[in-house]
Amino acid sequence: MKRLVQRRAGRPARETAARRARHVRAQLGVAADIAITAQRRMLAARLTDPHDGPGEQVLRGRVTVDDVLEYARQHFGLTTASRETAAAVLRARYELRGGRCDLDTDAYTV
């Protein structure tokens, strides 16, 4: 019997899907790093703001999964990433970069 569907030459579909998933996770990792850095810069600007008095308490920054998805969309055009994947990547990058000392995140509740 003749094959009705021809396979593409090259890598099998499973390898291609795995490579694509690794690429999306890498892009989400960069987007998470950008979001964390942006929040830390905002906190640093608040610390050096001359309008704050010496008794003013500086609030903690907050990095959300939506921030990561927005940066991924802006920088990479990535619109198909799921919230669960973005949350997992944000958790990993948050812990790696020591976010507990100055940032909060909603990645643990997604």
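Enquirer: I'm lost on the overall build of the chain in this one. Help?
Expert: Across its full length, the chain holds three helices and two strands. Each helix and strand of the chain, placed in order from N terminus to C terminus, yields the pattern α-β-α-α-β. Out of the 110 residues belonging to the chain, those deemed buried represent 27%. Across the chain, every contact between residues at least 6 apart in sequence was considered, and the portion connecting residues at least 24 apart equals 69%.

Enquirer: Where do I start with the pattern of salt bridges in this structure?
Expert: Where charged atoms from two side chains of opposite charge approach closely, those side chains can pair. Evaluation of the coordinates by the stated rule reveals six salt bridges. Two residues, Arg97 and Asp33, come together in a salt bridge whose shortest N-O distance is 3.5 Å. Linking Arg97 in the loop between α3 (83–96) and β2 (103–105) with Asp33 in helix α1 (residues 13–47), this pair joins segments that are 64 residues apart in sequence. Given a relative accessible area of 28%, Arg97 falls into the partly exposed group. Where Asp102 meets Arg40, a salt bridge forms, and the shortest distance between an N and an O atom there is 3.0 Å. Here Asp102 is found in the loop between α3 and β2, whereas its partner Arg40 is found in helix α1, with 62 residues between them in sequence. Residue Arg40 is classed as partly exposed on the basis of its relative accessible area of 23%. Each of Asp33, Arg93 and Arg97 takes part in salt bridges that share partners, so that together they form one network.

Enquirer: Honestly, the side chain of Asp106 in this entry has me stumped. Any pointers?
Expert: For Asp106, the location among the structural elements is in the segment after β2. Put simply, Asp106 is tucked away with no salt bridge, and the nearest opposite charge, on Arg62, sits 4.6 Å away. Discounting residues that sit within four places of it in the chain, Asp106 has contacts with Arg62, Val63, Thr64 and Val65.

Enquirer: Help me understand the environment of Leu78, please; the structure alone is not making it clear to me.
Expert: For Leu78, the location among the structural elements is in the loop between α2 (65–76) and α3. Look at Leu78 and you get buried, because its relative accessible area is 8%. When the C-alpha positions of Leu78 and Leu28 are compared, they lie 8.7 Å apart, and in sequence the two are 50 residues distant. Once residues within four sequence positions are removed from consideration, Leu78 is found in contact with Arg20, Val24, Gln27, Leu28, Ala72 and Arg73.

Cut-offs used in this document
- Residues numbered from 1 in each chain as written.
- Predicted model: local features only at pLDDT ≥ 70, side-chain atom pairs only at ≥ 80, totals over all residues.
- Heavy atoms only, no water.
- Helix = DSSP H or I, 4+ residues; strand = E, 2+ residues; numbered from the N terminus.
- Buried < 20%, exposed > 50% of the residue type's maximum accessible area, 1.4 Å probe, protein only.
- Contact = heavy atoms within 4.5 Å.
- Salt bridge = Lys/Arg side-chain N within 4 Å of Asp/Glu carboxyl O.
- Lys, Arg positive; Asp, Glu negative; His and termini not counted.

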